[in-house]
Protein chains: 2
Amino acid sequence: MVPDRFDLRIMKALQKNGALTNGELSELINLSASQCSRRRAALEAAGLIEGYHARLNAKELGFSIRAIIRVNLRMHGQESDKEFSRWVERQEEVQSAFSVSGDADYVLDVRMRDLDSFSQFIHERLLIQPQVAQVRSDFVLKILKDNQALALSTDG
Amino acid sequence: MVPDRFDLRIMKALQKNGALTNGELSELINLSASQCSRRRAALEAAGLIEGYHARLNAKELGFSIRAIIRVNLRMHGQESDKEFSRWVERQEEVQSAFSVSGDADYVLDVRMRDLDSFSQFIHERLLIQPQVAQVRSDFVLKILKDNQALALSTDG
DNA sequence: GGTATCGATGCATCTTTCATGCACGCATGG
DNA sequence: CCATGCGTGCATGAAAGATGCATCGATACC
């Protein structure tokens, strides 16, 4: 599927606000509501829109700790990498996890309720993984932005 | 507002799928649809649910580069920090940006269409910021998980 | 130039979903 | 024991979503 500029506008709008009605969308992008509905369905069917998600207020819910953790493994091989990946995927506190090229092997974005949980996670769960060689943590002091929105150029 | 376990279940479900109807929600959490509607509205009004967002397929849309960039500033002061923050917020390619404690001063999560854009961003936009002293990039090779979902414990 | 064909669009309609008034049940406190 | 208040489910009117149909515009072909 090749999205045209209307599709791009729709996706851009829905990134910002996924609860827009087709009527509201139609005003924003200058197209009838029925067309918005059809295009939206097409974008979802084509997989360009992967889904809709509610964003929760982490602070209000008691998640006061956020940290970016860089992890190095002892050795590299399909086995240890795969095993570590599987382990990471099971950790609820890990919101995002990337295998990266650079100083580190993995970068994790984690959220916890308090320092105790964080310490417990690092020492009693992460560091005892046999593959893990080194762990360096950066605590998030302030979130400047957290869009999760792609920079689509609508060209007008 | 103090969310009870039904509220937690609702939030958990809506994190996974923000397009659930109240009827579908009611089946998932064993509560009538009308109550789901009321509780949902309350959670939104209380700010526990901050909003709904569509997630787009980055690969399909041509964003093949993702990187975690660590930035160090030359000196620290309210001025340079604030100025850098403001600059970061204006950069569309920056999805998330954190001020952190640790080796780095800032961590940025960026997405680009290609290596040229990335190089251009680093050299012609980021490094020419007068506050910036050092930049280290980790390219994302593989996304193990990218939930953006908080680990709510529903206790049942 | 004329015409046929195909996809995209807007309107109208039907269906689904949402929002809310109401009465009931349950708990707590007088 | 009764009164009060909150949370709940049911039922109804309002809003939003989905879709058949006729029309419009563009392209291709004769």
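Let me begin by describing the structure that accompanies this report. Please read these numbers as outputs of a predicted model, since none were measured by experiment.

Regarding the packing of helix 1 (residues 5–16) of chain B against helix 2 (residues 22–29) of chain B
Residues and elements named next belong to chain B. Running from N to C, helix 1 and helix 2 point in directions that differ by 120°, and their axes come no closer than 10 Å. By the criterion of interaxial angle, the relationship of helix 1 to helix 2 is oblique. Classified by chirality, the crossing of helix 2 by helix 1 is right-handed. Of the residues in helix 2, those touching helix 1 at Phe6, Arg9, Ile10, Ala13 and Leu14 are Leu25, Leu28 and Ile29.

Some details on the pairing of strand 3 (residues 94–101) of chain B
Residues and elements named next belong to chain B. The buried count for strand 3 comes to seven of eight residues, which makes it a mostly enclosed element. Inspection of the sheet shows strand 3 paired to strand 4 (residues 106–112) by five bridges, in the antiparallel sense. What sits directly across from alanine 97, in strand 4, is leucine 108. Here strand 3 folds back onto strand 4 in antiparallel fashion, the turn holding four residues, of which glycine 102 has a positive phi close to 145°.

Details of the protein's contact with DNA strand C
With respect to spatial proximity, the complete set of residues near DNA strand C consists of Leu31, Ser32, Ser34, Gln35, Arg38 and Arg39 of chain A together with Thr21, Asn22, Gly23, Ser34, Ser37 and Arg38 of chain B. Backbone atoms, meaning sugar and phosphate, form 55% of the atoms of DNA strand C found within 4 Å of the protein. Measuring from a phosphate oxygen of DNA strand C, one finds a side-chain N or O atom of glutamine 35 of chain A at 2.5 Å. If you list the elements that add at least two residues to the surface near DNA strand C, you get helix 3 (33–45) of chain A together with helix 2 and helix 3 (33–45) of chain B. Of all the elements, helix 3 of chain A adds the most residues to the surface near DNA strand C, at four residues. Class assignment for the residues of the surface near DNA strand C results in one nonpolar, eight polar and three charged.

Each value, and the rule that gives it
Residues numbered from 1 in each chain as written. Chains lettered and ligands numbered in written order. Predicted model: local features only at pLDDT ≥ 70, side-chain atom pairs only at ≥ 80, totals over all residues. Heavy atoms only, no water. Axes fitted to C-alpha atoms, helices over the stretch in contact; angles between N-to-C directions. Helix = DSSP H or I, 4+ residues; strand = E, 2+ residues; numbered from the N terminus. Parallel < 35°, antiparallel > 145°, perpendicular 65-115°, else oblique. Left-handed = near helix turned anticlockwise from the far one by under 90°. Contact = heavy atoms within 4.5 Å. Buried < 20%, exposed > 50% of the residue type's maximum accessible area, 1.4 Å probe, protein only. Pairing = 2+ DSSP bridges. Near = heavy atom within 4 Å. Polar contact = N/O pair within 3.5 Å; in protein donor to acceptor, adjacent residues only side chain to side chain. Nonpolar A, V, L, I, M, F, W, Y, C, P; charged D, E, K, R; others polar.

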